[in-house]
Amino acid sequence: MAAVIVTITVLSGCGPINAGSAAGGDFETFIMSESDVVDVSLLVNNTLPFSGSVDATVTLDDDVSHERLRELTDLIGQYVDEHKKLVQWSPIVLETGAFGLAVTAVRADNDQLLGLYADLRAADTIVGAAIGEFRVRVTALGADQLVAAYDQADALLATYPFFDPAELFAADSTAAFEMSGSDLTRDELYGETGSEPRIRPDAAISAFHDADVAFDLASAGLSPLAFGLKLRKQADVAPATAFIAARPDYATLGNVTITSSLVTLQDEGDYSATNRIVDELGDYPGIIAIGVSPNGLRFVVDRGTTAQAVDMILANNADVAALDFLSYETRVAVHLFYVSNTDYLDRQSAMTTANALLADDFVTSVRSIADEHEVVVQNTAGLAEFAPLAKRAIAHGITVDLETNDFRLRFTATSPLTVLPPNSEFDDTDPVLTDTFIAAWNAAPAR
């Protein structure tokens, strides 16, 4: 059985000046004296005068029993009740493996939460759940169990009027399928008529089933207010968009968002231009992820040469030329590549420089933003040997920050080299090392 985590948020009232720290320390002392408690981590905030907040995470033994969970729920609820004159408490969240529940200071409410917790754990289509004060998110065994898990959880929730409509989530090792209830309250959804129908978004479920047959889905988000699909293949995005738009019940799906698993949408606005760019690339090998906003693209690629090849495909794309932001990066422990520039020729020049420098294992990172390069190398011992490569690779007139852990030199790539003042008076400099690099640079042939 996985570890159990108790998360507590405390808002302290009048008391010590460092009230958050005091409340957190008192709770830690209290809970650490209990059996099955393994660790407590605290995040405190002291807001003057005499107020603060505490986030506490309490980890319990992996084999803690359901009975012990109930005991700890009662114990923490009692602690909250006894300290509420000086402290305002948010509901406490207990997590055991993939199951979690919020706990209040009211025992009757906790009994309902624990009852639903036990029922969901016993359900055959459900492998996890997060039970809040009014909402529930359920994890199903897999995508093929999504609707069955929704219906089973919904039937259980019908016996617990304590809760608003469920949020339901189904996941396996390769895909995540989500179906959620509305973020609105019951009164906002249904008016103040006292009617409380269960939400089962049938139109979204039907569209999900049809799309799952027609396309290779990575994930789906279904609710009474929105419908979203993520396709495993970028090439399927346009056909899937047309497929869903042609449905007779399209208008009932709310906000429709269809992307691929490569894409993460960022910000709000008109995505038509950036979507056209992504569609042009399709499933180009080596693209790991794309952050898409209405006026910018952020590519994560496997290596710098992939970035340069992708950028060349987009050379004459009018939508790319109009972007406010375009960047390429790799995410690896060493040989970090990052280029951000909105001008194609400057971008290509920066990529050529970065790839040439990173071909030498002495270089661990090249970041290029606009017309400035930041180059990180392994040590100072090899600076003289590195200078000829740097002079060949870096375009004339480019500003460079060359650095190691204990040395930084800022210069303009000219011949002879032009040394610039450091960005900060705290930058580490060494006149001997600086002179060594300058001499080696000036002695090297021009590019």
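This text goes with the structure placed above it.
To keep things clear, this report deals only with the structure shown in the data block. Bear in mind that the values here come from a model prediction, so they are computed numbers and not experimental data.

Cut-offs applied
Residues numbered from 1 in each chain as written. Predicted model: local features only at pLDDT ≥ 70, side-chain atom pairs only at ≥ 80, totals over all residues. Heavy atoms only, no water. Axes fitted to C-alpha atoms, helices over the stretch in contact; angles between N-to-C directions. Helix = DSSP H or I, 4+ residues; strand = E, 2+ residues; numbered from the N terminus. Parallel < 35°, antiparallel > 145°, perpendicular 65-115°, else oblique. Left-handed = near helix turned anticlockwise from the far one by under 90°. Contact = heavy atoms within 4.5 Å. Nonpolar A, V, L, I, M, F, W, Y, C, P; charged D, E, K, R; others polar. Salt bridge = Lys/Arg side-chain N within 4 Å of Asp/Glu carboxyl O. Buried < 20%, exposed > 50% of the residue type's maximum accessible area, 1.4 Å probe, protein only.

Things to note about the packing of helix 3 (residues 107-122) against helix 4 (residues 146-157)
Line of reasoning, step 1. Between helix 3 and helix 4, whose axes approach to 11 Å, the crossing angle comes to 150 degrees. Regarding the angle of helix 3 to helix 4, the classification is roughly antiparallel. With respect to the hand of their crossing, helix 3 and helix 4 are arranged in right-handed fashion. Along the contact surface, helix 3 presents Leu116, Asp119 and Leu120, while helix 4 presents Ala153, Leu156 and Leu157.
Line of reasoning, step 2. Class assignment for the residues of the contact of helix 3 with helix 4 results in 5 nonpolar, no polar and 1 charged.

A closer look at the pattern of salt bridges
Line of reasoning, step 1. Scanning the entire structure with this criterion turns up 14 salt bridges.
Line of reasoning, step 2. Of the charged contacts, one joins Arg247 and Asp249 as a salt bridge, the two residues approaching to 2.9 Å between their closest N and O atoms.
Line of reasoning, step 3. Residues Arg410 and Asp401 are paired through a salt bridge, measuring 3.0 Å at the closest nitrogen-oxygen approach. The same class applies to Arg410 as to Asp401, namely buried.
Line of reasoning, step 4. Ionic contacts of the salt-bridge type, sharing partners, join the residues Glu34, Asp36, Arg68 and Glu71 into one network.

Observations regarding unusual backbone geometry
Line of reasoning, step 1. Look at the link from Ser415 to Pro416: it is a cis peptide, with omega at 5 degrees.
Line of reasoning, step 2. In this fold, Pro416 is placed in the loop between strand 22 (407-412) and strand 23 (418-419).

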